Amino acid sequence: GNSNDCTFNVVDQTAPVVTCPASQQVGVNASCAFTLVNYTLSATATDNCGSVTMVQSPAIGSVITSATPVTITAEDQYGNTSSCTFTLTPIDNVAPSISCIGNQTAFYNANCEFEVASYVGQIVSTDNCDLSVDVVQSPAAGSFVSGVTPITMTGTDDAGNTISCSFSVTPSDNQPPAITCPSTQDADFDANCEFALQDYTGLGVAVDNCSATTITQSPV
């Protein structure tokens, strides 16, 4: 009946299985950056023997500005670990800001039109990610239009986000009409050595760039 014994440990050497969320694009903020959230909530992990703890790297709250791999590491209660990785790619989906000038005035030319000036240099536009914003004017500078005309300025950043603002240009006519008088006329005195002026307005010719003209005579 004599006996003896010995002891040994049985340990879990099987690593947990962890599955990451898919690689994805994330929108940046006004500073052209993205702050990491808790992606362990989107990952799944299973183990053969017990509970699993997941840790994220870079950590929650880290700020990224370019494509960044994020690693999720799962560890079971026996110290076995496994990892997976996905990529976060920040994209700019924030439209630029733009500030238009106030309404403008212009003068008609000889054809009762006005040439649209270039207002691009007077527009202020900024973006969260780009140093400069491409601003385009419509109607384009050099266009000839008549009447009150809305001018639309559109700013586009490098990511293709756009924003617009508008103002109006109101033209006015500051050109006098052109007039051609009749030639010098002859008239006969009456018995009082006077003569009555005729109506010579019908012999005058007047033209204007924008409107019909009225001819008056003095003395009447």
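Residues numbered from 1 in each chain as written. Predicted model: local features only at pLDDT ≥ 70, side-chain atom pairs only at ≥ 80, totals over all residues. Heavy atoms only, no water.

Caption draft 1: Representation of the nonpolar core within the structure. Membership of the largest hydrophobic core comes to 16 residues, with the highest contact counts inside it found for Phe 114, Val 116, Tyr 119, Ile 151, Met 153, Phe 167 and Val 169. For this core, the elements supplying multiple residues, two or more each, are strand E15 (149-156) and strand E16 (162-172). Of the residues forming this core, the biggest block, three residues, is contributed by E16. If sequence neighbours within four positions are ignored, Tyr 119 has contacts with Ile 101, Gln 104, Gln 137, Ile 151, Met 153, Phe 167 and Val 169. Ranked by size, the runner-up nonpolar core spans 14 residues in total, among them Val 26, Phe 34, Ala 74 and Cys 84. (Core = buried A, V, L, I, M, F, W, Y, C linked by side-chain atoms within 4.5 Å. Buried < 20%, exposed > 50% of the residue type's maximum accessible area, 1.4 Å probe, protein only. Helix = DSSP H or I, 4+ residues; strand = E, 2+ residues; numbered from the N terminus. Contact = heavy atoms within 4.5 Å.)

Caption draft 2: Local environment of the side chain of Asn 209. For Asn 209, the location among the structural elements is in the segment after strand E18 (205-207). Overall, Asn 209 belongs to the buried group, its relative accessible area being 14%. Within polar-contact distance, the side chain of Asn 209 engages the backbone oxygen of Asn 109 at 2.8 Å. A distance of 3.4 Å separates the side chain of Asn 209 from the side chain of Asp 173, its partner in a polar contact. (Polar contact = N/O pair within 3.5 Å; in protein donor to acceptor, adjacent residues only side chain to side chain.)

Caption draft 3: Representation of the sheet that holds strand E10 (residues 104-107). The mixed open sheet is built from four strands, whose spatial order is E10-E16-E15-E13. The outermost strands of the open sheet, each flanked by one partner alone, are E10 and strand E13 (134-138). Across the sheet, the mean angle separating the axes of adjacent strands is 30 degrees when strand polarity is ignored. The pairing of E10 with E16 spans four bridges and is parallel. Paired with Ala 106 across the two strands is Pro 171, which belongs to E16. (Pairing = 2+ DSSP bridges. Axes fitted to C-alpha atoms, helices over the stretch in contact; angles between N-to-C directions.)

Fair warning: the whole summary comes from geometry, so function is off the table for now.
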